[in-house]
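Now for the letters of each chain:
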Amino acid sequence: AYPGTQFVLYSYEGSTANLPNYSAWSVDWDEYGFVLGALAASASKSGHIAVIGGEPIPSSERTVQFIKKGAAYVNPKVQVDTAYVGSFVDVARAKEIATGVIARGADFVIPSADTADAGIQQAADEEGVLTIGSYADQSKAYPNSVMTSTVMNFNKSYADIGKAYAAGKLGNRIVTENLASSAWTLATPFAHVDPSVEAKVMKVMDDLKTGKIKLGE
């Protein structure tokens, strides 16, 4: 259908099914998850963190897996609690679950539940533990708890898509968006933590960029 129209997805894609009018700018969520785990474990004073996902679907479970890998990379003894909201939009349920994991000792909660992230961040802000902003700087929304935010470089990605379209290079193509392609970064300076935490996390990100850290499966 619509052979004269080019369709482009921004998120994640494993295959274009050889469609001549379908492309994807696919974020490396394995790398993204690894960094989230590394930053949470680096900031945690108790060595006990939690990640709260939306629904336990394969892509969510894979991200959680790489969050755990990143956390263990900086602290092999870290405890990582995992919970799922059962929804990507139920903010109230997400807040309830986050409050529970905080009560059990987690001092850093990682939101990985899309729209429901807001409930997790609210709980962190109210309970005095750390969290992270998702996709854009959210420090003003949750000033007591956001240590840093992931900041997606949408302008670059959209510009690259436009350039590819103008050059006639769209279609049956997957472009990997990662740290090495400047697809995203972390907001700095980090808040509520010692500067050494930021330095440690930036070193992990640099090592991922250069291939010194290899994620594998």
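Further up the page is the structure itself.
As the structure is a computational prediction, the values presented were derived from the model and not from experiment. (Residues numbered from 1 in each chain as written. Predicted model: local features only at pLDDT ≥ 70, side-chain atom pairs only at ≥ 80, totals over all residues. Heavy atoms only, no water.)

Caption draft 1: Expanded view of the sheet that holds strand β7 (residues 146–152). A sheet is described by the order of its strands in space; here three strands give the open sequence β6-β7-β9, paired in mixed fashion. Taken across any chain shown, the strands that pair with only one partner, and hence form the sheet edges, are β6 (131–133) and β9 (184–186). Along the sheet, successive strands turn relative to each other by an average axial angle of 20 degrees, direction set aside. The sheet contact formed by β6 and β7 spans three bridges and is parallel. Residue G133 lies in a different strand from β7, and its bridge partner there is S149. (Pairing = 2+ DSSP bridges. Helix = DSSP H or I, 4+ residues; strand = E, 2+ residues; numbered from the N terminus. Axes fitted to C-alpha atoms, helices over the stretch in contact; angles between N-to-C directions.)

Caption draft 2: Structural detail: the packing of helix α1 (residues 29–43) against helix α2 (residues 58–74). Following both chains from N to C, one finds α1 and α2 inclined at 45 degrees, their axes separated by 6 Å at the closest point. As the angle between them shows, α1 and α2 are arranged oblique. For the pair α1 and α2, the sense of crossing is right-handed. Within the contact between the two elements, α1 uses W29, D30, G33, F34, L36, G37, A38, A41 and S42 and α2 uses R62, T63, F66, I67, K69, G70, A71, Y73 and V74. Across the contact of α1 with α2, the residue classes tally to ten nonpolar, five polar and three charged. (Parallel < 35°, antiparallel > 145°, perpendicular 65-115°, else oblique. Left-handed = near helix turned anticlockwise from the far one by under 90°. Contact = heavy atoms within 4.5 Å. Nonpolar A, V, L, I, M, F, W, Y, C, P; charged D, E, K, R; others polar.)

Caption draft 3: Molecular detail of the packing of α1 against helix α6 (residues 195–210). At their nearest, the axes of α1 and α6 sit 9 Å apart, and the two run at 155 degrees to each other. As the angle between them shows, α1 and α6 are arranged roughly antiparallel. In this structure, the crossing between α1 and α6 has a hand that is right-handed. Contact residues: E31, F34, V35, A38, L39, S42 and A43 in α1; V197, K200, V201, V204, M205 and L208 in α6. Here the residues of the contact of α1 with α6 are counted per class, giving ten nonpolar, one polar and two charged.

Caption draft 4: Molecular detail of the layout of surface pockets. Roughly 720 Å³ of internal volume is contained in the largest pocket. If you go around the largest pocket, you meet 31 residues; those closest to its centre are S11, Y12, W29, S59 and T63. Contributing elements (two or more residues each) for the lining of the largest pocket: β1 (7–11), β2 (22–27), α1, α2, β5 (108–112), β6, β7 and β8 (173–177). Tallied by class, the residues present in the lining of the largest pocket amount to 15 nonpolar, ten polar and six charged. (1 Å grid on protein atoms, 1.4 Å probe; cavity = no way out; pocket = protein on both sides within 12 Å on 5 of 7 lines; lining within 4 Å. Points joined across faces, edges and corners; volume = space filled by probe spheres on them.)

Caption draft 5: Quick peek at the sheet that holds strand β4 (residues 79–84). With parallel pairing, three strands are arranged side by side in an open sheet as β4-β3-β5. Edge positions in the sheet fall to β4 and β5, since each has one partner strand and no second. When the angles between neighbouring strand axes are averaged without regard to direction, this sheet yields 20 degrees. In terms of strand pairing, strand β3 (residues 48–53) meets β5 through five bridges, oriented parallel. Paired with A50 across the strands is V109, a residue of β5. Sheet strands in contact with α1 are β3 and β5, and its direction is about 165 degrees off that of β5. Relative to β3, helix α3 (residues 91–103) is tilted by about 165 degrees, and along the sheet it contacts β3, β4 and β5.

Worth remembering: the numbers are spatial, not functional.
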